[in-house]
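Secondary and tertiary structure notes
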Amino acid sequence: MSVKELCSTYGKKNTAPAVNAAIRAEVPGGAIVLDLLQRAASLRHKSEEWESEYVQLSKARNEMFNVIADKYGLRSRKEN
């Protein structure tokens, strides 16, 4: 599959929103991780604990990205 197919499948014009839609739809727990990552992003600078949570959620999201990248022929994302 290609990036074009990914965007077409999820009705998105850009790759990033299409990847997030694919993570939500195709990866078990993907929607939960993306929702929590969004919430943690606004709190990450409030404490070390929130920063740590944000980093862990980012790593989980990167792994989910890699699953979608493999399926649709995108470049894999290395851990932050």
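Anyway, here's the lowdown on the structure attached to this text. (Residues numbered from 1 in each chain as written. Predicted model: local features only at pLDDT ≥ 70, side-chain atom pairs only at ≥ 80, totals over all residues. Heavy atoms only, no water.)

1. A closer look at the overall build of the protein chain
Per the secondary structure count, the protein chain includes four helices and zero strands. The helix and strand sequence of the protein chain, counted from the amino end, reads α-α-α-α. By its C-alpha atoms, the protein chain is 40 × 20 × 20 Å across when sized along the principal axes. Buried residues in the protein chain amount to 31% of all 80 residues. Looking at the protein chain alone, contacts between residues at least 24 apart form 41% of all its contacts between residues at least 6 apart. For the protein chain, the accessible area works out to roughly 5400 Å², and carbon and sulfur atoms hold 51% of it. For the protein chain, the separation between the mean place of its 13 positive charges and that of its 10 negative charges on side chains is 9 Å. (Helix = DSSP H or I, 4+ residues; strand = E, 2+ residues; numbered from the N terminus. Buried < 20%, exposed > 50% of the residue type's maximum accessible area, 1.4 Å probe, protein only. Contact = heavy atoms within 4.5 Å. Areas by Shrake-Rupley, 256 points an atom, 1.4 Å probe, with all protein chains shown as cover. Lys, Arg positive; Asp, Glu negative; His and termini not counted. Charge placed at Lys NZ, Arg CZ, Asp CG, Glu CD.)

2. What about the pattern of salt bridges?
The full count for this structure, using the stated rule, is three salt bridges. Note that Asp 35 is salt-bridged to Arg 24, the shortest N-O span being 2.9 Å. Separated by eleven residues along the polypeptide, Asp 35 in helix 3 (residues 30-43) and Arg 24 in helix 2 (residues 15-26) bring together distant segments of the chain. Classification of Arg 24 by relative accessible area gives partly exposed; the value is 40%. With a shortest N-O distance of 3.0 Å, Lys 71 and Glu 26 are connected by a salt bridge. Of the two residues, Lys 71 sits in helix 4 (residues 48-72) while Glu 26 sits in helix 2, which places them 45 residues apart along the sequence. (Salt bridge = Lys/Arg side-chain N within 4 Å of Asp/Glu carboxyl O.)

3. Concerning helix 4
Its 25 residues place the ends of helix 4 36 Å apart at the C-alpha level, agreeing with the 36 Å of an ideal helix rising 1.5 Å per residue. Buried within helix 4 we find Tyr 54, Leu 57, Ser 58, Arg 61, Asn 62, Met 64, Phe 65, Asn 66, Ile 68, Ala 69 and Tyr 72. In this structure, the buried side of helix 4 is in contact with helix 1 (3-10), helix 2 and helix 3. Just downstream of helix 4 lies Gly 73, where phi reads positive at about 75 degrees. (Expected span 1.5 Å × (residues − 1).)

Any link to function would need more than the numbers given here.
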